[in-house]
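Structure assessment
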Amino acid sequence: MPQPSTGFGEELRRRRLDAGLSLTALSAAVHYSKAQLSKVERGIKAPSRDLVRLCDAALRADGALVALSTGPATDTPPVQTPDGFTEEEWTMQLSPDGPSWFQPVGRRQVVGAGAASLMKLPMGGPGPITPSAGAGMLEASRSLFTHYRRLGQGVEPGFLLPGLIAQTHTLRELSAHVDAGTRRDLLALGSRYAEYVGWLMQETGDEPAALWWTQRAVDLAAAGGDRTLSGYALVRRALITLYQDDAAQTVVLAQRAQSGTLPPRIRGLAAQREAQGHALAGDRDACLRALDRARTFLARQDGGAGAPVIGSMHLPDSVGMVTGWCLVDLGRPREAAEELDRQLALVSRDAVRTQVRYGVRRALAYASGGEIDHACAVTEPLLDGVAAVRSATVTIDLRRLARLLARHPNHSAVRRLAPRLGTLTRPPTS
């Protein structure tokens, strides 16, 4: 929870007076009461994240107020990597009543546990697989991956993870029995599976597992001769720091992923993430420059024959959508709402996870701009989707929205939504 800060309050008051604004005028601009602003200025009450960003934008502080309210940066959690990618066994348990778990173990641990502790599935002899069989497996696995990603838009990650992990393992093992060309293609596809598993792990709230699987994706790609995916791993790490509210680390990681040796798509996605980091820091100019770079890079991307797209496949205009996302954090809610309205109209209704992710952002924009009725109106139809996809990252924004709406307890639309919001934002029980 934010702590009261005399330094922040004094700087807020100084900038307000320099701008020639009364408490009444600033209250009208940021949609917070005079009493609350007065308590913040006197260091009696801690400002919320949203109040800080709205004040920073209203007083044209260019991130100075955001910086005063932000704690020290923290690095991403370390990735626990086994002795070697080729020296590990993957074990998975599927219980009759539904729950499952996955664990990588070193082969030395497997030997120490004894052969009787594992059920081995026969994988055939050491001979090669025919080219036609390898090509057929590759084509089928590509088609299956597309279906998995579509399914991932409408169901919670736990339904998909066992199948995705098993398919990643199959591609990895199969690559040892095919010709060199097919091997590269199988490992490249396996890397996309592993990267998607990493994203879904983050959606469950398990950040260390998300990083572990992202590293597995890099290893698979490198084994097939593609070392560019290590750049995208930085973009994924930057997403974790973004949700940790660590603007500095987000920007640093995203900038590292914009090396001239990387493909334009990876550099474009990295520039988008950098923009989000700058927005988190309240730096509007740097944010807009990064968005311009992102649009340039993404306009130059080459498709790659048959390869699954890296990053979201459900955003017709990803730079436009990220622009709307950034405007919320920059304290410009009306501009954000207008941009997100435009962008969400382009997204397929079947892309529930995408609709929910950016729809909650749009509701945040309306609530931050004081349009409580409209915020509730756009939130209500999203809640079934929120319950279906069970996204840990969406829940972060949903809690932020719930706190904003809770400032209006006597509002009839807020009272109607409150019970459902309370259920959906409650921490999961172990």
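Remember, predicted model here, so these are calculated numbers, not experimental data.

Overview of helix α17 (residues 352-368)
If you check α17, its first and last C-alpha atoms are 24 Å apart, about what 17 residues at 1.5 Å a residue would give, namely 24 Å. Burial within α17 is extensive, with 15 of its 17 residues counted as buried. Gly370 sits one or two residues past α17 and shows a positive phi near 85°.

A short note on the environment of Gly20
Counting through the fold element by element, Gly20 comes out in the loop between α1 (6-18) and α2 (23-30). Since its relative accessible area comes to 62%, Gly20 is described here as exposed. It is 10.0 Å that separates the C-alpha atoms of Gly20 and Leu59, two residues lying 39 residues apart in sequence.

Some remarks on the packing of α17 against helix α20 (residues 392-405)
Contact geometry of α17 with α20 gives a least axis separation of 9 Å together with a crossing angle of 20°. When the axis of α17 is compared with that of α20, the two are roughly parallel. Considering how the two elements wind past one another, α17 and α20 form a crossing that is left-handed. Side by side, α17 and α20 meet where Val356, Arg357, Val360, Arg361, Ala363, Leu364, Ala367 and Ser368 of the first sit next to Thr393, Val394, Asp397, Leu398, Arg400, Leu401, Leu404 and Leu405 of the second. In the contact of α17 with α20, the residues fall into 10 nonpolar, two polar and four charged.

With respect to empty space enclosed by the protein
Counted according to the given criterion, the structure contains three cavities of 30 Å³ or more. Of the volumes computed, that of the largest cavity is approximately 660 Å³. Looking at the largest cavity, it is lined by 34 residues, and the ones nearest its centre are Trp199, Tyr232, Gly311, Ser312 and Tyr358. Sort the elements by how many residues they give to the lining of the largest cavity and helix α11 (residues 229-243) lands first, with six residues. Classifying every residue of the lining of the largest cavity by side-chain character gives 17 nonpolar, nine polar and eight charged. By volume, the second largest cavity amounts to about 80 Å³. Around the second largest cavity, the lining residues are Arg49, Leu242, Tyr243, Asp245, Leu280, Trp325, Asp329, Arg361, Ile396 and Asp397. Listing elements by their share of the lining of the second largest cavity, those giving two or more residues are α11, α15 (318-329) and α20. Class assignment for the residues of the lining of the second largest cavity results in five nonpolar, no polar and five charged.

Observations regarding the state of the cysteines
Here a disulfide denotes one covalent bond, and it connects the sulfur atoms of two cysteines. Tallied over the full model, the rule gives zero disulfides. Just so you know, Cys326 is unpaired, no disulfide at all, and the nearest cysteine sulfur is the one on Cys287, 3.8 Å from it. Residue classification places Cys326 among the buried positions, given a relative accessible area of 1%.

So, the side chain of Arg53
Considering the arrangement of structural elements, one finds Arg53 in helix α4 (residues 49-58). Of the side chains with opposite charge, Asp329 lies nearest to the buried Arg53, which makes no salt bridge, at 4.4 Å. A distance of 2.6 Å separates a polar side-chain atom of Arg53 from the backbone oxygen of Leu280. Sequence-distant contacts of Arg53, defined by excluding residues within four places in its chain, comprise Val66, Ala279, Leu280, Ala281, Gly282, Asp329, Leu330, Gly331 and Arg400.

Considerations on the nonpolar core
If you look at the biggest cluster of nonpolar residues, it comprises 112 residues, and the most contacted ones within it are Leu12, Val30, Cys55, Leu164, Met201 and Leu405. In terms of residue count, helix α9 (residues 180-203) provides more of this core than any other element does, 10 residues in total.

Observations concerning the pattern of salt bridges
Evaluation of the coordinates by the stated rule reveals 23 salt bridges. Glu274 serves as the salt-bridge partner of Arg293, at 2.4 Å between the closest nitrogen and oxygen. Of this pair, Arg293 sits in helix α14 (residues 284-299) while Glu274 sits in helix α13 (residues 264-281), and the two are 19 residues apart along the sequence. Between Asp384 and Arg420 there is a salt bridge, and its shortest N-O distance comes to 3.0 Å. In this pair, Asp384 sits in helix α19 (residues 383-389) while Arg420 sits in helix α21 (residues 412-424), placing the two residues 36 residues apart along the sequence. Classification of Asp384 as exposed rests on a relative accessible area of 56%. Its relative accessible area of 34% is what places Arg420 among the partly exposed residues. Three or more residues are tied together by salt bridges with common partners; here these are Arg49, Asp50, Asp245, Asp329, Arg361, Asp397 and Arg400.

Re the confidence of the model for the protein chain
Scored by pLDDT, the protein chain comes out at a mean of 86, with 83% of its residues at no less than 70. A low-confidence stretch, residues 73-86 stays under pLDDT 50, and its non-local contacts, those more than four residues away or across chains, total 28 contacts. Confidence drops under a pLDDT of 50 for residues 109-119, and excluding neighbours within four residues, the segment shows four contacts in the predicted structure.

Definitions and limits used
- Residues numbered from 1 in each chain as written.
- Predicted model: local features only at pLDDT ≥ 70, side-chain atom pairs only at ≥ 80, totals over all residues.
- Heavy atoms only, no water.
- Helix = DSSP H or I, 4+ residues; strand = E, 2+ residues; numbered from the N terminus.
- Expected span 1.5 Å × (residues − 1).
- Buried < 20%, exposed > 50% of the residue type's maximum accessible area, 1.4 Å probe, protein only.
- Axes fitted to C-alpha atoms, helices over the stretch in contact; angles between N-to-C directions.
- Parallel < 35°, antiparallel > 145°, perpendicular 65-115°, else oblique.
- Left-handed = near helix turned anticlockwise from the far one by under 90°.
- Contact = heavy atoms within 4.5 Å.
- Nonpolar A, V, L, I, M, F, W, Y, C, P; charged D, E, K, R; others polar.
- 1 Å grid on protein atoms, 1.4 Å probe; cavity = no way out; pocket = protein on both sides within 12 Å on 5 of 7 lines; lining within 4 Å.
- Points joined across faces, edges and corners; volume = space filled by probe spheres on them.
- Disulfide = S-S within 2.5 Å.
- Lys, Arg positive; Asp, Glu negative; His and termini not counted.
- Salt bridge = Lys/Arg side-chain N within 4 Å of Asp/Glu carboxyl O.
- Polar contact = N/O pair within 3.5 Å; in protein donor to acceptor, adjacent residues only side chain to side chain.
- Core = buried A, V, L, I, M, F, W, Y, C linked by side-chain atoms within 4.5 Å.
- pLDDT = per-residue confidence, 0-100.

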